[in-house]
Amino acid sequence: MHYFLGIDCGGTFIKAVLFSQKGEAVASVRQGVAVISEQAGYAERDMSQLWQICAKVIRQTIEQSGVEPTKIKGVGISAQGKGAFLLDKNHQPLGRGILSSDQRSLDIVKQWQQQQIPEQLYSFTRQTLWTGHPVSILRWLKQHEPERYQKIGAVLMSHDYLRFCLTGELHSEETNISESNLYEMQAGSYAENLAKMLDLDDICDKLPPIIQSDQIAGYVTQSAANETGLAAGTAVVGGLFDVVSTALCAGLDDETKLNVVLGTWSVVSGITDHIDPNQSLPFVYGRYAEQGKFIVHEASPTSAGNLEWFVKQWGLDYSQINQQIAPLAPAESSVLFVPFLYGSNAGLGMKAGFYGIQAHHSQAHLLQAIYEGVLFSLMHHLNRMLQRFPNAKVLRVTGGVVKSPIWLQMLADLSGMRLEIPAVEETGCLGAAMMAMRGVGKNSQSLDCFNQQMQTYHPNPEHFEAYQRKYQQYQALVKALQTLN
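Residues numbered from 1 in each chain as written. Predicted model: local features only at pLDDT ≥ 70, side-chain atom pairs only at ≥ 80, totals over all residues. Heavy atoms only, no water.

As recorded in an unreviewed UniProt entry, the chain goes by the name Carbohydrate kinase, listed as coming from Haemophilus paracuniculus.

Following this line, the structure appears as structure tokens:
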């Protein structure tokens, strides 16, 4: 029996899962990773600490499994996209890693919007332009920390950095770098003219070679083996943008299905074999982990992270939350919650808040409003994606929300669509392990975990109208708040 290690570096945790070649999870460990926010709008991560935690999680997973390290034939890493993890010219961490939720470049992005730079870029990049993109962060550094900018030796994203720590080899993985605004989507390569438009033409030689998700990027060094417990010489593949990983594990295979992720971010994804130039909306495309295919997605940091914040403040667990919400009538409360604690999909710089609270409302009503607000924000993305994928009939849902039947039924009732819940857990780790299987020549398409029956939720027509009315109230509230921003 051969084994494959999948690592998922997310917004809150690093997880490692060891899978058998049949897709069976034999051991898993996760540990929290701090987000450093010492100034308003900053979201950073200590790069050396990130690697140390990653190495620790790998070692503990191998120890828990009892598997001989030489039987682990490949390693893959899935991670949140965007941001910037910089190395200096000696390939040492250059300050802290900057996450995609960082908003320090807000003024630069606003200026680019006034100059219509996003519109000029879009036909080449198929990207929007916002604060978490590598180009926004790099432009801010060039303007505000020029000495640090001049010391840049390599521009990486988080999984590129962790892969470098394992192998000593520098690469940019394609599903992630394709959404950087430095990559021309149709050509499938970096484009110097894009960097020049953003006054970043001096960064081009700092961009490592592009590598595909299932391509072997290097092999575990002896130094990394000593830290992780992996065998030196173990193959490490390019890996995945975590949105791509979840889409793979959701089994998206045509344009009738969409993947909804409700984790740190709200994400709606679809898979296509072509770029549609006739759409009026600027849909975000990225390279997919299958040849000739693209992932199309809408996303914002307006998801379950909002609930997580309140859980910490009130000392609740998720079972208690569901128990409180269950007796409440669907969409009956006047309480609305705008889930913009970590960012917005309604305007740069907008903030979170409750509206409509009256004296008879309880903690349960506030929790219900958080559930609803996260889904109302998701509907902004879903309704747009249905313009690009008009034949979509099914939502395949992954992320922390799948542990809450109440939240899932609420989504079915609000959207009016059937939900299918894949039996796969830890989609980030499994998708990464699948790429490792492919990279070393093992078939990852017939894994046992994909043959299990999906759980389904059907919309309740009686609740649909009530949720739609409250969703309209939410939209009106967001519109009013935009005037204050």
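Peer 1: Where do I start with helix α10 (residues 242-249) in this structure?
Peer 2: Note on helix geometry: an α-helix contains 3.6 residues per turn, so any two residues three or four positions apart are oriented the same way. Of all eight residues in α10, seven are buried, a share of seventy percent or more. Buried residues of α10: V243, V244, S245, T246, A247, L248 and C249, and no others. In the segment just after α10, G251 is the residue with positive phi, at about 70°. (Buried < 20%, exposed > 50% of the residue type's maximum accessible area, 1.4 Å probe, protein only. Helix = DSSP H or I, 4+ residues; strand = E, 2+ residues; numbered from the N terminus.)

Peer 1: Looking at this structure, I do not really get the environment of L262. What am I missing?
Peer 2: Its place among the elements puts L262 in strand β16 (residues 257-262). If near-sequence neighbours (up to four positions away) are discounted, L262 is found in contact with S303, A304, V374, L375, L378, T398, G399, G400 and V401. (Contact = heavy atoms within 4.5 Å.)

Peer 1: What should I look at first to understand the environment of I325 in this one?
Peer 2: Tracing the chain through its elements places I325 in helix α12 (residues 318-325). Along the backbone, I325 and A369 are 44 residues apart, and their C-alpha atoms lie at a distance of 9.6 Å. The contacts of I325, once residues within four sequence positions are left out, are A364, L367, Q368, Y371 and I406.

Peer 1: Before we go on, may I ask you to explain the UniProt feature "domain: Carbohydrate kinase FGGY C-terminal" (unreviewed entry) in the chain in this structure?
Peer 2: Per the UniProt annotation, the sites labelled "domain: Carbohydrate kinase FGGY C-terminal" (unreviewed entry) are residues 258-438. The straight-line gap between the two end C-alpha atoms of residues 258-438 is 24 Å; of that span, 37% is helix and 21% is strand. (UniProt positions renumbered as here; feature names shortened; annotations may be inferred.)

Peer 1: What is the right way to read the sheet that holds β16 from this model?
Peer 2: Consider a sheet: its strands pair through backbone hydrogen bonds, and that pairing is either parallel or antiparallel. Taken in spatial order, the seven strands of this open sheet run β18-β19-β17-β16-β22-β23-β24, and their pairing is mixed. Edge strands, defined here as strands with exactly one partner in the open sheet, are β18 (284-287) and β24 (455-457). Each neighbouring strand pair of the sheet contributes to a mean axis angle of 30°, computed without reference to strand direction. Sheet topology note: the β16/strand β22 (residues 394-398) ladder contains five bridges and is parallel. Paired with K257 across the bridge in β22 is V394. (Pairing = 2+ DSSP bridges. Axes fitted to C-alpha atoms, helices over the stretch in contact; angles between N-to-C directions.)

Peer 1: In this structure, what is going on with the pairing of strand β17 (residues 266-272)? I would like to understand it.
Peer 2: A regular strand carries its side chains on alternate faces of the sheet. In terms of residue burial, β17 counts as a mostly covered element, since seven of its seven residues are buried. A two-sided burial pattern is seen for β17, the buried positions comprising S266, V268, G270 and T272 on one face and V267, S269 and I271 on the other. Sheet topology places β16 next to β17; four bridges connect them, and they run antiparallel. The residue bridging V261 from the neighbouring strand is V267, located in β17. As consecutive antiparallel partners, β16 and β17 are separated by three residues.

Peer 1: So what exactly am I meant to see when it comes to the state of the cysteines here?
Peer 2: What the rule picks out here adds up to zero disulfides. The structure places no disulfide on C9, whose sulfur is separated from the nearest cysteine sulfur, that of C54, by 7.2 Å. A relative accessible area of 1% places C9 in the buried class. (Disulfide = S-S within 2.5 Å.)

Peer 1: How should I be thinking about the domain arrangement of the chain in this particular structure?
Peer 2: Accessible area lost during the coming together of the parts is what is often quoted as the interface size. Splitting the chain by domain gives domain 1 (3-243) and domain 2 (252-421 + 453-484). Centre-to-centre separation of domain 1 and domain 2, based on C-alpha positions: 27 Å. Each side of the interface is counted separately: domain 1 has 27 residues, and domain 2 has 23 residues. In this assembly, domain 1 packs against domain 2 so that about 1,900 Å² is buried in total across both faces, 60% of it on carbon and sulfur atoms. A per-residue breakdown of the area domain 1 buries against domain 2 is headed by R126, M185 and V243, which together make up 29% of the total. Seen at the junction of domain 1 and domain 2, the total is zero salt bridges. (Domains from an automatic or database assignment. Buried area = accessible area lost by both parts, 1.4 Å probe. Salt bridge = Lys/Arg side-chain N within 4 Å of Asp/Glu carboxyl O.)

Peer 1: I keep staring at the packing of aromatic side chains and nothing clicks. Help me out?
Peer 2: Centre-to-centre distance and the angle between the planes together describe a pair of aromatic rings. Scanning all chains against the criterion turns up 13 aromatic pairs. Plain terms: the ring middles of F310 and W314 are 5.2 Å apart, the flat faces sit at 45° to each other, and that makes the pair tilted. With F310 and W314 both in helix α11 (residues 305-314) and four residues apart, the pair spans about one turn of that helix. Arranged with centres 4.0 Å apart and planes meeting at 5°, the rings of Y371 and W407 form a pair that is stacked. With a gap of 36 residues between them, Y371 in helix α13 (residues 363-388) and W407 in helix α14 (residues 405-415) connect regions that are remote in the sequence. Under the relative-accessibility criterion, W407 is labelled buried at 3%. In this structure, R104 is placed above the aromatic ring of W140, and the distance from its NZ or CZ to the ring centre is 5.1 Å. When the ring centre of F389 is taken as reference, the NZ or CZ atom of R388 above it lies at 4.9 Å. (Phe/Tyr/Trp six-rings, centres within 6.5 Å; stacked < 30°, edge-to-face > 60°. Lys NZ or Arg CZ within 6 Å of the ring centre and 35° of its normal.)

Peer 1: Quick question: what am I supposed to make of the UniProt feature "domain: Carbohydrate kinase FGGY N-terminal" (unreviewed entry) in the chain here?
Peer 2: With numbering matched to this structure, UniProt assigns "domain: Carbohydrate kinase FGGY N-terminal" (unreviewed entry) to residues 3-249. Segment residues 3-249 splits into 36% helix and 25% strand. End C-alpha atoms: 18 Å apart.

Peer 1: Which parts of the structure should I look at to understand the pairing of β22?
Peer 2: Taking burial as the measure, the five residues of β22 include five buried ones, the bulk of the element. With burial as the criterion, each face of β22 is covered, one bearing V394, R396 and T398 and the other bearing L395 and V397. Where β22 lies against strand β23 (residues 418-421), three bridges are found, and the strand directions are parallel. Following the sheet pairing, V394 is matched in β23 by R418. Taking the sense of rotation as the criterion, the β-α-β connection linking β22, α14 and β23 turns out right-handed. (Right-handed = clockwise from strand over helix to strand, strands pointing away.)

Peer 1: Looking at this structure, how should I read a nonpolar patch on the surface?
Peer 2: Residues W309, L341 and Y342 make up a contiguous nonpolar surface patch of about 270 Å² in total accessible area. With respect to the helices, strands and loops of the structure, W309 is situated in helix α11. Residue classification places W309 among the partly exposed positions, given a relative accessible area of 36%. (Patch = residues over 30% accessible without salt bridge, like charges linked within 9 Å, V, L, I, M, F, W, Y side chains within 5 Å. Areas by Shrake-Rupley, 256 points an atom, 1.4 Å probe, with all protein chains shown as cover.)

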